Amino acid sequence: MMSQVRVFLLAIAAVMGGTDVARADDVVRFATFNVSMFRSEEGELIRGLQGGKDEGARRVAEIVQTVRPDVLLLNEFDYDAEEKGAHLLCSEYLQVSQNGRSPILYPFVFTAPVNTGVPSGQDLDGNGKVSGSGDAFGFGKYPGQYGMVVLSRFPIDAASVRTFQKFLWKDMPGAKLPLNPGTGRPFYSEEALAVLRLSSKSHWDIPLQMDGGLVHVLVAHPTPPVFDGPEDRNGCRNHDEIRLWSDYIDPSRGNGYLYDDQGRRGGLAAGAKFVILGDYNADPKDGESVGGAIDQFVKHPLVHHDAVPSSVGGEEATQMAGGIHRSHLGPPGQDTANFESSGNLRVDYVLPSRTLGAYRAGVYWPAKSEGLEELVSVSDHRLVWVDVEIGR
């Protein structure tokens, strides 16, 4: 393992009421939640979380305590090298009752460095200058902004964790590298391509030890396919960030080109159990992602996509909003995020492998009649969950 990647076990002083251990049967609830817990300055999140008084974190914790996933990915949670933020969220929010909800305990937590805010030394945004967040390996004001955290009730096989933070985009065969539409020439210079990493944050394979054997939790947060120009560099990158996992899970696709941050090559073995988690910033039918980007998951033959998360609240929100939603083709009840410019979209996913079972799923987007609009307004995304049959 890289020295900067650490898996830690939270210190527990006593068994807390309401925080049950991993479920006794073979059903495990996996969830992903873009919590929008990023801040404008490095260290600001840690300072705000101290003392258990952060209102946004309280709402996030209440939602998690309501849905009670066994394995949870948090997107847009600022990374810090000492993992203080993750410790604080667990100990001062999730393990403390929020609005009468039962506390929830995650003994195992994984986090690692991401590419956001890490200077590339190259002009990546094409503005003729080498400076600022647009020239970082992933858009961010400082290293670790918009990071990721995985919380688990199950032990992590630390020796088998793989991260792909530094995999170069150019090293993907047939990569969808952007072109200048006027000239047809590459948008990025050769110098930029020599260092440009594919992951805007990172890609992590985190194996969890369960009664049915190892289950690989595959997490990422590809860049939004917007905020660029006619070359569509972010749309192209979003497509290939999704493709990385699509190739990784399928030995038949010749994934030997992939190398992780420790130099190990290849992807998962045939028949491996996995669950893909994350905000992938791509909708199957709507939005501005490259055509077919998310189909690489939702139509993949090794991915279980029969249990599609949905909600009453998402459908209601679309019906009430009108506007751009009238042109949307996707089922509104399956939307997972509420964006001002592009409308409600399905961008957050929990996708088990066909080697696992999935029989129940949902999006935590309560109906308006439940009076929880203020609670879910903590983020423009909603928590998405799937109950997965692991097997023994």
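It should be noted that the structure appears before, not after, this text.
Residues numbered from 1 in each chain as written. Predicted model: local features only at pLDDT ≥ 70, side-chain atom pairs only at ≥ 80, totals over all residues. Heavy atoms only, no water.

Asks: So what's going on with the side chain of His203? Which residues, and what values?
Replies: Counting through the fold element by element, His203 comes out in strand E7 (residues 203-210). Owing to a relative accessible area of 0%, His203 belongs among the buried residues under this scheme. At 2.5 Å, the side chain of His203 and the side chain of Ser199 are in polar contact. When residues no more than four places from it in sequence are discounted, the contact partners of His203 are Arg162, Thr163, Phe164, Val219, Ala220, Glu241, Leu244 and Trp245. (Helix = DSSP H or I, 4+ residues; strand = E, 2+ residues; numbered from the N terminus. Buried < 20%, exposed > 50% of the residue type's maximum accessible area, 1.4 Å probe, protein only. Polar contact = N/O pair within 3.5 Å; in protein donor to acceptor, adjacent residues only side chain to side chain. Contact = heavy atoms within 4.5 Å.)

Asks: An account of the pairing of strand E14 (residues 384-389) is requested, with residue identities and associated values reported.
Replies: Burial of E14 is extensive: five of the six residues sit out of reach of the surface. Both strand E2 (residues 27-37) and E14 contribute to a ladder of six bridges, which runs antiparallel. Within E14, the residue paired with Phe30 across the bridge is Val386. When strand E13 (residues 357-363) meets E14, the two strands line up antiparallel, connected through six bridges. Bridge assignment links Val363 to a residue of E14, and that residue is Val384. (Pairing = 2+ DSSP bridges.)

Asks: Can you lay out the sheet that holds strand E6 (residues 162-163) for me, pointing to particular residues and giving the numbers?
Replies: Taken in spatial order, the five strands line up as E6-E7-E8-E9-E12 in an open sheet, and their pairing is mixed. Here the strands that pair on one side only, and so sit at the sheet edges, are E6 and strand E12 (348-352). Of the pairings in the sheet, the one linking strand E9 (residues 273-279) to E12 comprises five bridges and is antiparallel in character. In the strand pairing of E12, Gly278 is matched with Tyr349. Against the sheet, helix H5 (residues 233-248) touches E6, E7, strand E8 (213-220) and E9, its axis set at about 40 degrees to E7. (Axes fitted to C-alpha atoms, helices over the stretch in contact; angles between N-to-C directions.)

Asks: Please provide a residue-by-residue account of the nonpolar core, values included.
Replies: Within the largest apolar cluster, 36 residues are counted, with the highest numbers of intra-cluster contacts made by Trp245, Ile276 and Tyr280. Elements with a minimum of two residues in this core: helix H4 (190-193), E8, H5, E9, helix H6 (295-298) and E12. Looking at this core element by element, the count peaks at five residues for H5. The contact partners of Trp245, leaving out residues within four places of it in the chain, are Phe164, His203, Trp204, Asp205, Leu218, Val219, Ala220, Ile276, Tyr280 and Phe297. Ranked by size, the runner-up nonpolar core spans 34 residues in total, among them Phe33, Leu45, Val149 and Leu151. (Core = buried A, V, L, I, M, F, W, Y, C linked by side-chain atoms within 4.5 Å.)

Asks: Tell me what's going on with unusual backbone geometry, and back it up with residues and numbers.
Replies: One non-glycine residue, Asn99, adopts positive backbone phi at about 55 degrees. Within the secondary structure layout, Asn99 lies in the loop between helix H3 (84-94) and strand E4 (108-111). For Asn99, a relative accessible area of 65% corresponds to the exposed category. Even without a glycine there, the phi angle at Tyr146 is positive, about 65 degrees. Mapped onto the elements, Tyr146 comes out in the loop between E4 and strand E5 (148-152).

So yeah, pure geometry; function would need other evidence.
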